[in-house]
Amino acid sequence: MSLSKDFVSSCLTGVADPVRGKDLVSSGALQWVSACDTYASIRLQMPDGTGRSVLDQVAQLAHAKLSQVAQRNGTRVDSFIVEFVDEAGTVLHEKRFGGMMPAPSAGASNEPRASASGSVSSPESRSDRPEAGPTGAAAPGSAGHTPIPGLQPANRPAGAGLPGVKHIIAVGAGKGGVGKSSIALNLAVGLARKGHAVGLLDGDIYGPSMPTMLGLAPLEQAVLNGKLQPFYIHGIKAITIGKLVDADRPLIWRGPMAHGAFKQLTEQTQWGELDYLIIDLPPGTGDIALTMAQSLALTGAVVVCTPQKVALDDAIRAARMFQQLNIEVLGVVENMSSFVGDDGKVYDIFGKGGAEVMAQRLGVPFLGSVPITMSLRANSDGGDPTGNFTGSDPAGVRLKASLEALVQNLESQLALGALRSGREKPVLTIS
Ligand code: ADP
């Protein structure tokens, strides 16, 4: 049995809210639950001024209760994150239990550890790291790529799948800035909200945006038994190159280095069982995007573009790149297809509908369009992708509907693809 939202919530009805005097659910403290496999996270709202020791005590009690009931039901809790917010929604404190704990301090164990800057370092001297050039770029090692220190070497042939992962979907774009990462993230969160187990790999080495978009700043990358532990956040498991390199140092990647780092991220992350692994590829159709797209057995690719003519030309190149690699283009997404004001009024700033025409011309599905909204930008900057699915103002409702339609259309294309490839047989129901 794996943990579910309902299971976690029902366990929390047995934990007292020490401030309001009821249990954590009926007191209204429980605001949000996310669960999959043996991972769960919750958000609890506490009255302003609640002391840190009380918050820690509540988190301990919640963890103890969940672990106890889970054990009785034949499952376990590998990771449990409790986030405390105040009445304005500001995060007050976070308590983590299990695999997502910050790694032990240096010298305490032989485990590789994550540094305060987020980069993974091994317990050995850092002099065994690849040499850093003047820009902070690591020089390629003898194997032709930069190993992420502390991880076990992987010996997986190029183009293979990942054990336990059913579908690997790459999200690409002809150029940067069109919202590729935003769409990758919202597809991942949208699929997770439908109950799927989802992983997200931020492979955009030129500008990894997931640390910001997922709100990972206060969290440290953990490595256990030579495997990167994904962050379990917003209902998805996520890993990003942005937590493995120093954020304030620009990196100049050469092809083999980038490929090596990408290989390590994909293969040496403890993904567990996933229905979908969404990969945010670097933009463009250069060597790096191409090699990354080839290095895994992808179920298919999604191409993101904006409606302007110049952007569409780039997107055509991206779609053709996937087709030439024999990767099925599951669909095209038109992002920023119009601006929706808070009042719900629609302005076609960049035009509209161009991507649909382009998809028809290429003979690939059109998955839908996503408007520009202030809330999507704000939720991305604020690390709250869940907010894109919960807006109640006219623009928020429209954004949610467009994202849910994207997810639905992607699932339909995957189902059609499975039928076409013979992986699944059609079921005829006669009533
Ligand atoms: P890319 O991955 O293609 O470089 P990003 O997803 O990082 O693009 O998006 C670039 C910026 O545009 C980010 O600040 C993001 O929040 C914003 N953005 C992307 N799509 C939208 C949208 N539909 N509405 C509002 N802002 C958006």
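Residues numbered from 1 in each chain as written. Predicted model: local features only at pLDDT ≥ 70, side-chain atom pairs only at ≥ 80, totals over all residues. Heavy atoms only, no water.

What to know about the site of the ligand
Of all residues adjacent to the ligand, which total 16 residues, the nearest are Gly177, Lys180, Ser181, Ser182 and Pro371. One of the backbone nitrogen or oxygen atoms of Gly177 is found 2.9 Å away from an oxygen atom of the ligand. Within the contact set of the ligand, an oxygen atom lies 3.4 Å away from a side-chain nitrogen or oxygen of Ser380. The fraction of the free accessible surface of the ligand (560 Å²) that becomes covered by protein chains is 82%. Only α3 (180-193), β15 (329-340), β17 (366-372) and α9 (374-381) provide two or more residues apiece to the shell around the ligand. Its residues placed into classes, the shell around the ligand shows six nonpolar, eight polar and two charged. (Near = heavy atom within 4 Å. Polar contact = N/O pair within 3.5 Å; in protein donor to acceptor, adjacent residues only side chain to side chain. Areas by Shrake-Rupley, 256 points an atom, 1.4 Å probe, with all protein chains shown as cover. Helix = DSSP H or I, 4+ residues; strand = E, 2+ residues; numbered from the N terminus. Nonpolar A, V, L, I, M, F, W, Y, C, P; charged D, E, K, R; others polar.)

Observations regarding the packing of helix α1 (residues 5-12) against helix α2 (residues 52-72)
Following both chains from N to C, one finds α1 and α2 inclined at 120°, their axes separated by 9 Å at the closest point. By the angle class used here, α1 and α2 are oblique. The handedness of the crossing between α1 and α2 is right-handed. Residues Phe7, Val8, Cys11 and Leu12 of α1 touch α2, and the partners they reach there are Ala62, Lys65, Leu66, Val69 and Ala70. Of the residues belonging to the contact of α1 with α2, the class tally is eight nonpolar, no polar and one charged. (Axes fitted to C-alpha atoms, helices over the stretch in contact; angles between N-to-C directions. Parallel < 35°, antiparallel > 145°, perpendicular 65-115°, else oblique. Left-handed = near helix turned anticlockwise from the far one by under 90°. Contact = heavy atoms within 4.5 Å.)

Considerations on the pairing of β15
The element β15 is extensively covered by neighbouring structure, given that ten of its twelve residues are classed as buried. Where strand β14 (residues 300-305) meets β15, five bridges bridge the pair, whose relative direction is parallel. For Val302, the partnering residue across the bridge sits in β15 and is Gly331. Bridge count between β15 and β17: five bridges; the pairing is parallel. Paired with Phe339 across the strands is Ile372, a residue of β17. Two elements, β15 and strand β16 (residues 346-347), share two bridges in a ladder whose sense is antiparallel. What sits directly across from Val340, in β16, is Val346. (Buried < 20%, exposed > 50% of the residue type's maximum accessible area, 1.4 Å probe, protein only. Pairing = 2+ DSSP bridges.)

Section: α1
Along α1, the residues that are buried comprise Phe7, Val8, Cys11 and Leu12. Viewed along the axis of α1, the buried residues span an arc of 135°, placing them on a single side of the element. (Arc of directions from axis to C-beta.)

Focus on the nonpolar core
Core analysis: the largest hydrophobic core is formed by 43 residues, its most contacted members being Leu277 and Phe322. Of all elements in the fold, only β7 (165-173), α5 (255-267), β13 (274-280), α6 (287-294), β14, α7 (309-324), β15 and α8 (354-362) reach the threshold of two or more residues within this core. The element best represented in this core is α7, accounting for seven residues. The residues touching Phe322, leaving out its near neighbours within four places in the chain, are Gly172, Leu281, Ala293, Ala301, Val303, Ile327 and Val329. The next biggest cluster of nonpolar side chains, apart from the first, holds 39 residues, and it includes Leu214, Val370, Leu399 and Leu403. (Core = buried A, V, L, I, M, F, W, Y, C linked by side-chain atoms within 4.5 Å.)

Examining α3
Taking 1.5 Å per residue as the helical rise, α3 with its 14 residues ought to reach 20 Å, and the 20 Å between its terminal C-alpha atoms agrees with that figure. Most of α3 is tucked away, with 13 of its 14 residues classed as buried. At the exit of α3 stands Gly195, carrying a positive phi of roughly 95°. (Expected span 1.5 Å × (residues − 1).)

Overview of the packing of aromatic side chains
Here a ring pair, both rings aromatic, is described through the centre-centre distance and the interplanar angle of the planes. For the structure on display, the rule yields one aromatic pair. Here the aromatic rings of Phe339 and Tyr347 are separated by 5.9 Å at their centres, their planes lie at 35°, and the arrangement is tilted. Owing to a relative accessible area of 37%, Tyr347 belongs among the partly exposed residues under this scheme. The ring of Trp32 has Arg43 lying over it, and the distance from NZ or CZ to the ring centre is 5.4 Å. (Phe/Tyr/Trp six-rings, centres within 6.5 Å; stacked < 30°, edge-to-face > 60°. Lys NZ or Arg CZ within 6 Å of the ring centre and 35° of its normal.)

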